[in-house]
Amino acid sequence: MKIAILSRNPKLYSTKRLVEAAEQRGHEAVVLDHLRCDLVVEQGNPHILYKGERLTGFDAVIPRIGASVTFYGTAVVRQFEMMKVKSIVGSQAIVRSRDKLRSLQILARAGLGMPKTAFTNYSKETSELVKEVGGAPLVIKLLEGTQGLGVVLAETKKAAESVIEAFHNLEARIIVQEFVAEAGGADIRAFVVNGEVVGAMKRQGKEGEFRSNLHRGGKATLIKLSRQEKAAALLAAKSLGLNVAGVDMLQSKRGPLILEVNSSPGLEGIEKATQKDIAGKIIEFTEELVKRKLTKKKDVSE
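Just so you know, these numbers come straight off a predicted model, no measurement behind them.

What counts and how
- As a convention, each chain's residues are numbered from 1 in the sequence order in which they are written.
- Selection of residues for local features in this predicted model requires a pLDDT of at least 70, selection of side-chain atom pairs for listing and counting requires 80 or more, and totals for whole chains, interfaces and linings are taken over all residues.
- By convention in this description, side-chain values take in all heavy atoms of the structure and omit both hydrogens and water.
- Each residue's exposure class comes from its accessible area (1.4 Å probe, protein chains only) as a fraction of the maximum for that residue type: buried when under 20%, exposed when over 50%, partly exposed otherwise.
- Strands here are runs of E lasting at least two residues and helices are runs of H or I lasting at least four, both read from the DSSP assignment and numbered beginning at the N terminus.
- Contact definition: two residues touch when any of their heavy atoms are within 4.5 Å.
- Only one rule defines a salt bridge in this text: a Lys or Arg side-chain nitrogen within 4 Å of an Asp or Glu carboxyl oxygen.
- Asp and Glu are treated as the negative residues and Lys and Arg as the positive ones, with His and the ends of the chain left uncounted.
- Any pair of nitrogen or oxygen atoms within 3.5 Å is treated as a polar contact; in protein, a donor-acceptor pairing is required on top of that, and neighbouring residues in sequence qualify only through side-chain atoms on both sides.

Go over helix 3 (residues 91–98) with me, naming the residues and quoting the values.
For an α-helix the count is 3.6 residues per turn, leaving residues at separations of three or four pointing the same way. For helix 3, the tally of buried residues reaches 6 of 8 residues, placing the bulk of the element in the interior. Turning to helix 3, its buried residues are Ser91, Ala93, Ile94, Arg96, Ser97 and Arg98. Lining the buried residues of helix 3 we find strand 6 (60–63), helix 2 (70–82), helix 4 (100–109) and strand 16 (255–262).

Right under this line is the structure:
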């Protein structure tokens, strides 16, 4: 197969591992910077120009789209889909997962547990908002934040109200979320590929840090998921239509609580914690997707 890996940086661990895994299985992997793709939208002839050359001959695409370039990145994935190239993660699923509020609404509708969450259109009723999620301490998150950036723990009611008002004055979109103290500054990431949990790790924030993100200095260790945690991870990925996902959740007295579902989960932390070839699992799934497409084509022609 000829596989396009959409990534801004070919030197990133995740990108390098996907290229390695593809080549080990005899495929050609081409890293493309999605921001350098020019899209030509034409009836019956959609195509992509890359550095002035027309892209042809691709069987599949693996999107590694950063949150800051979701709009253009998903447009590139959509163009590949229009060109009948299979994407391991659909453009609409990426858009769905990147909208924190929308994804939480979808997860709640699916019956999944999550920290109590509130969203407002710059309401002045900050006191009521704080009360709705169980009072202080509570977590305030920027809707556009990633890797633990734009996440604040407000220890008191007064601090919570001040931070919410400050964000509102800046016209920054935020969600206000219950703080789950018993999680102890740790969360779980379950890595889902094609309806199966292929690896899981527990991420512990450094001392004095409630955010467990590895980018913020957190540590990752191997964990065996409970049946309930595994079921929650699979349902979360399925609800958002993601074939490949990193499902982040907290362990709580009332069971697993979904924090977020990532459509471009990093491979470094999970591969090092589990000692598993997760990149290989993604390439195996890519092969299966293409095989399904070819079988379908064959059935139609017969």
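The structure having been displayed, the exposition proceeds.
Requested: an account of the pattern of salt bridges, with residues and values cited.
Throughout the structure, instances matching the rule amount to 14 salt bridges. Arg8 is paired through a salt bridge with Asp33; the nearest N and O atoms lie 2.9 Å apart. Of the two residues, Arg8 is situated in the loop between strand 1 (2–6) and helix 1 (13–24) and Asp33 in the loop between strand 2 (28–32) and strand 3 (37–40); the sequence distance between them amounts to 25 residues. A relative accessible area of 45% places Arg8 in the partly exposed class. For Glu287, the salt bridge is made with Arg25, and the minimal N-O distance between the two is 2.8 Å. Taken together, the residues span a long stretch of sequence, with Glu287 in helix 9 (residues 278–301) and Arg25 in the loop between helix 1 and strand 2 at a distance of 262 residues. Assessed through its relative accessible area of 17%, Glu287 is described here as buried.

Give me the side chain of Arg64: which residues, what numbers.
The residue Arg64 is located in the loop between strand 6 and helix 2 in this model. Glu268 provides the closest opposite charge to the buried, salt-bridge-free Arg64, at an N-O distance of 9.8 Å. Within the structure, the side chain of Arg64 is placed 2.8 Å from the backbone oxygen of Pro265, a separation counted as a polar contact. When sequence neighbours within four positions are dropped, the list of residues in contact with Arg64 reads Ile5, Leu6, Ser7, Ser14, Leu18, His34, Ser264, Pro265 and Gly266.

Tell me about unusual backbone geometry, residues and numbers included.
Here Ala136 and Pro137 are connected by a cis peptide whose omega angle stands at -5°. Here Pro137 is to be found in the loop between helix 5 (126–132) and strand 9 (138–142). Phi at Tyr122 takes a positive value of approximately 55°, unusual for a residue other than glycine. The residue Tyr122 is located in the loop between strand 8 (117–119) and helix 5 in this model.

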